[in-house]
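Each chain, letter by letter, is given below.
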Amino acid sequence: MFKKILIANRGEIALRIIRACKEMNINSVAVYSEADKTSPHTKYADEAYYLGESPSSESYLNQDKIISIAKQVGADAIHPGYGFFSENAVFIEAVEDAGITFIGPSSSSVKMMGVKTAARQLMSQYNVPIVPGTTYPIKSVSEGKEAAIKIGYPILLKAAAGGGGKGMKLVTIQNEFASSFEAAQREALKFFADDTVYIEKYIENPRHIEVQIFGDRLGNYVHIFERECSIQRRYQKIIEEAPSSFVDNKTRDKITQVAINAAKACGYYNAGTIEFLMDKYSNFYFLEMNTRLQVEHPVTEMISGLDLVKEQINVAAGEKLSFDQGDLKINGHSIEARIYAEDPENNFLPSTGKLLEFQIPSGPGIRIDTGFSRGSLISLYYDPLIAKLSAWGRTRQEALERLKRALSEFQVAGVTTNIPLVKAVCNNINFINGSYDINFMEKEFTGELQNRAVSSNEIENAVVIISSLLKVRSSSTEFKNSITDNNKWNELQYE
Ligand code: ADP
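Residues numbered from 1 in each chain as written. Predicted model: local features only at pLDDT ≥ 70, side-chain atom pairs only at ≥ 80, totals over all residues. Heavy atoms only, no water.

1. A closer look at the overall build of the protein chain
Okay, step 1: A tally of helices and strands in the protein chain yields 18 helices and 22 strands.
Okay, step 2: Here the C-alpha atoms of the protein chain give a radius of gyration of 22 Å, agreeing with the 23 Å that 2.2 N^0.38 yields for 495 residues.
Okay, step 3: Counting contacts in the protein chain only where the partners sit at least 6 residues apart, residues at least 24 apart contribute 65% of the total.
Okay, step 4: Here the protein chain displays about 19,700 Å² of accessible surface, and carbon together with sulfur accounts for 47% of that area.
Okay, step 5: Computed over 54 positive and 61 negative side-chain charges, the separation of the two mean positions in the protein chain equals 1 Å. (Helix = DSSP H or I, 4+ residues; strand = E, 2+ residues; numbered from the N terminus. Rg over C-alpha atoms; globule rule 2.2 N^0.38 Å. Contact = heavy atoms within 4.5 Å. Areas by Shrake-Rupley, 256 points an atom, 1.4 Å probe, with all protein chains shown as cover. Lys, Arg positive; Asp, Glu negative; His and termini not counted. Charge placed at Lys NZ, Arg CZ, Asp CG, Glu CD.)

2. Some details on unusual backbone geometry
Trans peptide bonds make up most of the peptide bonds, and negative phi angles are found at most residues other than glycine.
Okay, step 1: At the junction of Tyr153 and Pro154, the peptide bond is cis and its omega measures out at 0° in the coordinates.
Okay, step 2: For Pro154, the location among the structural elements is in the loop between helix H7 (141-151) and strand E6 (155-159).
Okay, step 3: Ala242 connects to Pro243 through a cis peptide bond whose omega is -5°.
Okay, step 4: Here Pro243 lies in the loop between strand E11 (236-242) and helix H9 (249-265).
Okay, step 5: The residue Asn127 is not glycine, and still its phi comes out positive at about 60°.
Okay, step 6: By the element assignment, Asn127 lies in the loop between helix H6 (116-125) and H7.
Okay, step 7: A relative accessible area of 68% places Asn127 in the exposed class.
Okay, step 8: The backbone phi angle of Asn270 is positive, close to 80°, even though this residue is not glycine.
Okay, step 9: Along the chain, Asn270 turns up in strand E12 (residues 270-278). (Buried < 20%, exposed > 50% of the residue type's maximum accessible area, 1.4 Å probe, protein only.)

3. Points about the site of the ligand
Okay, step 1: Surrounding the ligand, one finds 22 residues, the nearest of these being Lys116, Gly165, His208, Gln232 and Glu288.
Okay, step 2: Ile203 is positioned such that a nitrogen or oxygen atom in its backbone is 2.9 Å from a nitrogen atom of the ligand.
Okay, step 3: Protein contacts shield 96% of the accessible area of the ligand, which totals 550 Å² for the unbound molecule.
Okay, step 4: Both of domain 2 (132-201) and domain 3 (207-450) provide at least three residues apiece to the shell around the ligand. (Near = heavy atom within 4 Å. Polar contact = N/O pair within 3.5 Å; in protein donor to acceptor, adjacent residues only side chain to side chain. Domains from an automatic or database assignment.)

4. Considering the environment of Ser230
Okay, step 1: Position of Ser230 among the secondary structure elements: in strand E10 (residues 221-233).
Okay, step 2: Overall, the relative accessible area of 0% leaves Ser230 in the buried class.
Okay, step 3: For the pair Ser230 and Leu277, spaced 47 residues apart in sequence, the C-alpha to C-alpha distance is 9.3 Å.
Okay, step 4: If near-sequence neighbours (up to four positions away) are discounted, Ser230 is found in contact with Arg207, His208, Tyr436, Asp437 and Ile438.

In structure tokens form, the structure reads like this:
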């Protein structure tokens, strides 16, 4: 077993991994940026080392620095968490070349699943149903229009290297194809330095269902049931639950088997997630594979009783999975809400500042994952996730009641959060009845929350706060304009 693990991440997921290390008597090494100098993860780890300035490119994405710290301190493994380097094949190879174990899949699996067109091609060869569309990049408007007619409008243009809901454009009629194609290419180039775009049929009102799989290096595979993540905003998950209230046993048997086949197709080991869209007839289509631990893994842990991070560490050390498929059963229901420092009433602008109050809920069936405490500074540099609040109950109803009770205990001051919005979702009759799909937020909350115009006063306030954090002059017109440009916020790293 490893003696020392470096955690190449920050916030709640860094703490989550350090906790697993402690339970396994493995020394933990934290790394941190300027903005995170006093963050809880730096104090909780056995050792902590400075990476560099606050922007990710100078800290959590500084490959050479991370690997050189790992070598210097004698870490025998690196856990990447999610985001940052977790799905970066070049990083995995560099870690392994340095004689250090990467806690995750092989670089070749990551490469195979990292490009969506290639992943779709591979999946269709292994009889995994994919969303109808192209498995090749679209090179020109005329080629794209021809393919779109065959597939049938509405279609989605998607970035082959995409992630975080970026680089997606919905096209409902042919007249809009050319401009959307160019816009999708531009966005793909900007976010992923790769303008490759392909087409998927736009599935109307599906549910987002994903399957947690696990493989060891000896060729054993299991699934740990499904999660439903249909409550989303701009293609980003807000509430996740396990199991899905929509999936019956027969469908569960089918989708989990297909997920295992998908994992086998790329010789996968360690924790992974196969994402699907499911229509109202329970037909499901492969969307993508996330070759890492998911943000929403706590709901799976709560219904299975497993510790996925410990299992990741075991498997990376070459051990056999500590359980068989037959050992697993779904126990109760779990729902997670992502608590973001953002303002739902103000175009979801990230809200920055000091956590003047941060009283987290507790009590039966409640789990909190957070990387912050009272006094922490929420900066603009990283994902504005401040906590994951997960509730477990014997039934979905009990889990939901506990989630609502916990939300009412959650006290945050100093930044604006989406807690009121999450409460509103929990009290929505369609959510309570489990009758929702990926368009739930738009259908139920448009107008009220999503598109409220930002007043000039609010912009001024945001400019002052953010400019002081970024150390730029708030009088800069360019900067002011960027504040109202949603793309600016979308550049932040979300998972
Ligand atoms: P990313 O990798 O950017 O997260 P995904 O392919 O995982 O993108 O899709 C993210 C979300 O976008 C899905 O959960 C779903 O809500 C929506 N989506 C993606 N593809 C389609 C599609 N073909 N039809 C309808 N909705 C889609």
